[in-house]
Amino acid sequence: QVQLEESGGGLVQAGGSLRLSCVASGRTRWTMAWFRQAPGKEREFVACLRWAGGTTVVANSVKGRFTSSRDDAKNTLYLQMNSLKPEDTAVYYCAATAKGLGGVSGDYEYWGQGTQVTVSS
């Protein structure tokens, strides 16, 4: 069984930064990802990371502003978000899958509860 717990969300002004964390328990040395969902919108892929090797893929919408990384010793996935914009406002979810790198939410078997990120203009 895999459990994921996100933290680090909050309210920040446009142009600011936040770092989200996702602590994973259980067998999680797979592919992990960040998705986000804004009110009234579909869940959107943000970034994914293959735990073995650390290869990452970042969505074009956040490329150059967001980066994903992991701390192997802490079993923790991070999302560093810089130059935040009001359109980044959403609930951010951590997810895990035994499959390879990808941005399709349906491919991810395990999900955290989400953490709210609000960016004010």
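A.B. asks: Can you help me understand unusual backbone geometry in this one?
C.D. replies: Trans peptide bonds make up most of the peptide bonds, and negative phi angles are found at most residues other than glycine. We note that Asn75 has phi near 50 degrees; this positive angle belongs to a residue other than glycine. Examined against the element boundaries, Asn75 turns out to sit in the loop between strand 7 (66-71) and strand 8 (76-81). Its identity as a non-glycine residue notwithstanding, Ser83 has a phi of 50 degrees, on the positive side. Along the chain, Ser83 falls in the loop between strand 8 and strand 9 (90-97).

A.B. asks: What should I look at first to understand the pattern of salt bridges in this one?
C.D. replies: Oppositely charged side chains are able to pair whenever their charged atoms sit close together. Counting across every chain of the model gives four salt bridges. A salt bridge links Glu44 to Arg36, with the shortest nitrogen-to-oxygen separation between them at 2.8 Å. The partly exposed category is assigned to Glu44, whose relative accessible area is 30%. Take Arg36: its relative accessible area is 7%, and that puts it in the buried class. For Lys99, the salt bridge is made with Asp107, and the minimal N-O distance between the two is 3.4 Å. A relative accessible area of 45% places Lys99 in the partly exposed class. Here the salt bridges do not stand alone but share partners, grouping Arg36, Glu44, Arg65 and Asp88 into one network.

A.B. asks: Before we go on, may I ask you to explain the nonpolar core in this structure?
C.D. replies: A general feature of soluble globular proteins is that nonpolar side chains tend to end up buried together. Judged by nonpolar contacts, the single largest core of 35 residues is most densely connected at Met32, Leu79, Met81 and Tyr92. With near-sequence residues (within four places) excluded, Met81 lies in contact with Gly16, Ser17, Leu18, Leu20, Arg65, Phe66, Tyr92 and Val117.

A.B. asks: Looking at this structure, I do not really get the sheet that holds strand 8. What am I missing?
C.D. replies: Strand pairing within a sheet occurs via backbone hydrogen bonds; the two strands may be parallel or antiparallel. Ordered by their spatial adjacency, four strands build an open sheet running 1-3-8-7, and the pairing between neighbours is antiparallel. Looking at strand neighbours, the two that pair on one side only are strand 1 (3-7) and strand 7, the edges of this open sheet. Between one strand axis and the next, the sheet turns by 20 degrees as a mean value, whatever way the strands run.

Criteria and cut-off values
Residues numbered from 1 in each chain as written. Predicted model: local features only at pLDDT ≥ 70, side-chain atom pairs only at ≥ 80, totals over all residues. Heavy atoms only, no water. Helix = DSSP H or I, 4+ residues; strand = E, 2+ residues; numbered from the N terminus. Salt bridge = Lys/Arg side-chain N within 4 Å of Asp/Glu carboxyl O. Buried < 20%, exposed > 50% of the residue type's maximum accessible area, 1.4 Å probe, protein only. Core = buried A, V, L, I, M, F, W, Y, C linked by side-chain atoms within 4.5 Å. Contact = heavy atoms within 4.5 Å. Pairing = 2+ DSSP bridges. Axes fitted to C-alpha atoms, helices over the stretch in contact; angles between N-to-C directions.

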